[in-house]
Every structure is written in C-alpha cells, then in structure tokens.
Amino acid sequence: MTIARPFDFIQDKASPNRNIFPITAEIDQNGRLKVGGCLLSSLAQQYGTPLYVLDESTFRQSCKAYKDALNNYYNGESLVLYASKANSSLAITSLAKSEGIGIDVVSEGELITALKVGMPTEKIFFHGNNKSYRELLFAYNNEVNIVLDNQHDIDLLGKIIQPGNKPAKLMLRFTPGIECHTHEYIRTGHLDSKFGFDLDRLEDTLIQLKQYSWANLTGLHAHIGSQIFELAPHIDLAEVLADALKKALGIGHPISDLNVGGGLGIKYISSDDPPSINNWVEAVSNSLEDSCKRRSLNLPRLLCEPGRSIVAPAGLTLYRIGSRKEIPGIRTYISVDGGMSDNPRPITYESAYTACLVDKPLSEPQETITIAGKHCESGDVLLKDYQLPSFSSGDILSICGTGAYNASMSSNYNRIPKPATVLVGSGKSELIQKRELPEDLLRYDMLPDRFIAEG
Ligand code: LLP
C-alpha cells in the first residue's frame, strides 16, 4: 500500500520543472521512495546500477503544460519542439511524437532517431553550427526543416539543390544580442557566440537568400541560453524577433514561423525557483502578441524548443554506494558505481544536484559526505559536502533531475560502460536503453594483423 500524501518535494505537479523529484514520486508504507509506481530500490536490484530512471508521466505532463499554455495564451498557431540534444533515444522521441509535439535535432544521429519513430518530417527542425554536406543532403532528401546557422550552410545547400529541384524549407537562426546569466542578463550588439547569423548581417543575408529559387525561408529563430530563471530576456527576445520578422517580410520572404528557442530552467536544489511552464509561455506569448500588434504584423506561428524543462525533471540516476574514505578533520568521501561518465555536469559546470537514499528519503541527515564517482579523476565528485542520513555500503542513492544532458553527454571514460535507462509508469518498468557491457566497448577497436602475428 502507498501513502497518499505527496512526497515533500512535489510542490507543483502541473509544472514538473518546479519540483526536484518526478511528479509521481511517493513514499510507501515502509518509508521507501517510489517513482511511477515502482520502488526505486527494486529497480536497482532488477536492472543493476548505475541506472537512469525516466518517469513517463512527468515527461508527458511537461509536454502537455507547454501545449496547454500555448493554447491558452497565444492567439495564433503554435508548435512545441522537444530539443532532443537533452536526451535522445527511440523511446523518448516516440513519447514526444505521441504527445503531438515536434523535435529539434542537431546531428544525423538525432535526425535518424526521429525519422525511425515516424516523427512527421514537417515537425523536425535540423539545427547545427557546422552541418556537413552529408548531413544537409540527408536532411534535404528527407524534407525536414533546415535551420540555417551560417553562410557555410547556404553555400552547401546551393551546391546540393540542383536547379529546378524542390526548394528546401528553411528557418534562419540569428544571434539576438541578449546574453543571459542565471540572475541577470545583458543586451549587446554583437554577442560572442558561434551560433547563428550576427544581427548586423541579418538584412544582407535575407536579401541574399531572396535571390535563390531553392530557398524557401519560412521561419526565423533565436535561442538565448539554458537553465534560465528570468522571464525578462525572453520578453525582450520576442521584440527582437518581431523586428526581424518585419524586416524579412519587407524583403519578401513568406515568414510564417518564429521560434523563440528553449531555455526554461528547472529546480535542481531547493533554492532554485524557476518560473512555471505556464508563466513562461504566458510571458513569451503576451510579448510576441504585443510586439506584432505594435508593428501591425499578423501573428506568426509561435515555436519553442524546450529540452531540459521537459526531460530533466522526469529523470533520476540510481547508484550503489561502495567504498568510504575518512580524512580526519578534512572530509569523508563515499564512492558510487558511476560518476562523471554518466553525469559530466558537476565536473563540467559545477552543477548542483539533490540526492537521497531511496529506502529512507525522509530520514534526518546524520553526516556530511562528499559523494564521489569511480573514475580516475580527482574532480569526479557528484556532490560535495552533502548532508546524508546514516547509510551502509550497498545502499542505493538517487540523484534527481538527471533526465537532461546526462545520458546525452555521457562518455566511456576509463572504458566504463554506459548505464541502462528504464521508463517507469503505472507500477511498470520497461527497459528503453540497454546497459552497455565492457565487451561492447571493444566493438570498434581494430587490432592490426601484425600484432596478432607477434602473439
Ligand atoms: N534550442 C537550441 C538552439 C539550443 O541550443 C538549446 C540548448 C535548446 C533549444 C534547448 O535548451 P534547454 O531548453 O534544454 O535549455 N549541456 C548544457 C546545456 C546546453 C544547452 C545547449 N542548447 C547543460 O548540461 O547544462
């Protein structure tokens, strides 16, 4: 039997990005943590650790929250695109498809994942600041939307599309000159970014594209950053996009779509306080409608492409606690059976997370522990000086909010195989990504004959 009371960290079921835990998290009668109706310690037992767990309801609720808010607040058409760089797999892309949303892909790998599950091609948007000839040819042949990022894209497409062939459906990405930090933002004329056309080059580029019969430019795009808690930069972005829209229409491009990118932040730790999906969409929608009205423009279709805020809160990672090292007067380390190869965010960005012991998530903290990974790197620390209840080697620890930019940024450092992913919901668990085995890591190794001959 499960105690009905929602888990303490669930504050806003409607907007999963505002909770540390997936929205189905609950405590059973023995005080153990369940997600999607599955006991986390049983999942660890069944599938092994480290294990990525993804809660289907949380993922779906995030998609719904974006769709519903757009329907409520935006008077024009809209489309949500899942930014699959956050976490791409056949099952996750299928979930996005079944929610009726589209997808942003940035490589042939992400693109074939979307095509394989039958994502409608008109809902696929292909990004990238250095797309290859092969990638562009593949995207063009599959009739997906291509987001022009630079002159190189234009030059390559000009070679790929023969005169008389069908035009490519294009969107143009530019750098809006809005730079975000977590708690402040600045606007600059030229932003130091490798992505998109410089704002100053926008007009020339639009004029240039007008000369090409193969270029069917129907959208403009800008993205300002990720893990953003402020609404103001996105409100400003709508203004900048509306200006660009007016310019592009004036030059004769049939622009129907404006894409405001992604970026809404999530709650990793209790002091994080991101806006809800509803508030974010409301702010963006109102700003875009006002901006268009003031310029006497018809409302474009509004596209947004959230990644983290859809998939991060749905995910958590289970580890088994192993060794312990006490350095008197300095620090106590415990090591878990994963680390920087399955979650490179702490070592890369000093990202903070919340952890708990899955079989006693509500117990009072007893000691300050540094939770380290198992990799040969001193910086391989998942959580520094963290308060944990008493525990033993072999206990299962969960780190929350790992659904985005963990699996997709994972590596095989130290030849450590990548974890499995299970999807949970309604008390059932399904493997959606198999655990790698050490021998899988030898798949692409080649041993020249002469080494074999030498014995
Ligand atoms: N659209 C574009 C063009 C993007 O570049 C990104 C993220 C998104 C959408 C999705 O943004 P989101 O909603 O997830 O914030 N590895 C970093 C995050 C890199 C984000 C890159 N671009 C991290 O782990 O924090």
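Just so it is clear, the model here is predicted, and its values are computed rather than measured. (Residues numbered from 1 in each chain as written. Predicted model: local features only at pLDDT ≥ 70, side-chain atom pairs only at ≥ 80, totals over all residues. Heavy atoms only, no water.)

### Remarks on the overall build of the protein chain
Threshold: A run of H or I in DSSP counts as a helix once it spans at least four residues, and a run of E counts as a strand once it spans at least two, with each numbered from the N terminus. In this setup the radius of gyration rests on C-alpha atoms only. A globule is expected at 2.2 Å times the number of residues raised to 0.38. Remark: exposure states derive from per-residue accessible area (1.4 Å probe, protein chains only) relative to the maximum for the residue type, with buried under 20%, exposed over 50%, and partly exposed in between. When checking whether two residues touch, look at their non-hydrogen atoms; a contact exists if any pair is within 4.5 Å. Methods summary: accessible areas were calculated by the Shrake-Rupley approach with a probe of 1.4 Å, and residue burial reflects only the protein chains presented. Positive charge is attributed to Lys and Arg, negative charge to Asp and Glu, and no charge count is given to His or to the chain ends. Working definition for charges: the position is that of NZ of Lys, CZ of Arg, CG of Asp or CD of Glu.
Looking only at helices and strands, the protein chain has 12 helices and 24 strands in total. Relative to the globule expectation of 23 Å for 455 residues, the C-alpha radius of gyration of the protein chain, 24 Å, shows essentially globular dimensions. Classification of the 455 residues of the protein chain by burial places 53% in the buried group. Pairs at least 24 apart in sequence give 69% of the contacts found in the protein chain among residues at least 6 apart. Per element, the accessible surface of the protein chain, about 19,600 Å² overall, is 48% carbon and sulfur. Mean positive and mean negative side-chain charge positions of the protein chain (45 and 54 charges, respectively) differ by 3 Å.

### Describing the domain arrangement of the protein chain
Applicable threshold: Per the annotation, domain bounds derive from an automatic or database assignment of domains. Summed over both partners, the accessible surface that disappears when two parts come together, traced with a 1.4 Å probe, is what is meant by buried area. Here, a salt bridge means any Lys or Arg side-chain nitrogen found within 4 Å of an Asp or Glu carboxyl oxygen.
For the protein chain, the assigned domains are domain 1 (6-55 + 312-442) and domain 2 (127-305). Taking the mean C-alpha position of each, domain 1 and domain 2 sit 35 Å from one another. Contact with domain 1, which involves 15 residues of that partner, is made by 12 residues of domain 2. Of the roughly 1,100 Å² buried at the junction of domain 1 and domain 2 (both faces included), carbon and sulfur atoms supply 55%. It is Asn17, Arg18 and Ile20 that lose the most area in domain 1 upon contact with domain 2, and together they represent 46% of the buried surface on that side. Across the domain 1-domain 2 interface, the total number found is one salt bridge.

### Structural notes on the packing of helix H2 (residues 56-73) against helix H3 (residues 90-98)
This is how the line gets drawn: Geometry is summarised by axes, namely lines fitted to C-alpha atoms with helices restricted to the contacting stretch, and by angles between N-to-C directions that run from 0 to 180 degrees. Roughly parallel here means an angle under 35 degrees, roughly antiparallel means over 145, roughly perpendicular means 65 to 115, and every remaining angle is called oblique. Throughout, a crossing is termed right-handed when the near helix is turned clockwise from the far one, and left-handed when it is turned anticlockwise from it by less than a right angle. Each residue is assigned to one class: nonpolar for Ala, Val, Leu, Ile, Met, Phe, Trp, Tyr, Cys and Pro, charged for Asp, Glu, Lys and Arg, and polar for all the others, Gly among them.
Where H2 meets H3, the closest approach of the two axes is 10 Å, and the angle between their N-to-C directions is 40°. Considering the angle they form, H2 stands oblique to H3. Considering how the two elements wind past one another, H2 and H3 form a crossing that is right-handed. Judged by residue contacts, Glu56, Phe59 and Arg60 of H2 engage Ile92, Leu95, Ala96 and Ser98 from H3. Across the contact of H2 with H3, the residue classes tally to four nonpolar, one polar and two charged.

### Let's talk about unusual backbone geometry
Put simply, threonine 49 and proline 50 share a cis peptide bond, and its omega is -10°. If you trace the backbone, proline 50 turns up in the loop between helix H1 (40-47) and strand S5 (51-55). At glutamate 143, a position not held by glycine, the phi torsion is positive, near 55°. Counting through the fold element by element, glutamate 143 comes out in the loop between helix H5 (133-141) and strand S9 (145-148).

### Some details on the site of the ligand
We apply this condition: Near, as used in this document, describes a residue that has one of its heavy atoms within 4 Å of the molecule or strand being considered. Under this definition, polar contacts are N or O atom pairs within 3.5 Å; protein pairs additionally need one hydrogen-donor-capable and one acceptor-capable atom, and for neighbouring residues in sequence, both atoms have to be side-chain atoms. A 1.4 Å probe that fits into a set of points on a 1 Å grid over the protein atoms alone but cannot get out defines a cavity; an open set with protein on both sides within 12 Å along at least five of seven lines defines a pocket, and lining residues are those with an atom within 4 Å of a point. Think of it this way: a molecule belongs to a cavity or pocket when more than half its atoms come within 2 Å of the grid points there.
Not every one of the 18 residues close to the ligand is listed here, only the nearest: Ser226, Glu305, Arg308, Arg345 and Tyr405. Arginine 308 places a main-chain nitrogen or oxygen 2.8 Å from an oxygen atom of the ligand. One can see that the ligand is located within the largest pocket. Residues of the shell around the ligand, tallied by class, amount to five nonpolar, seven polar and six charged.

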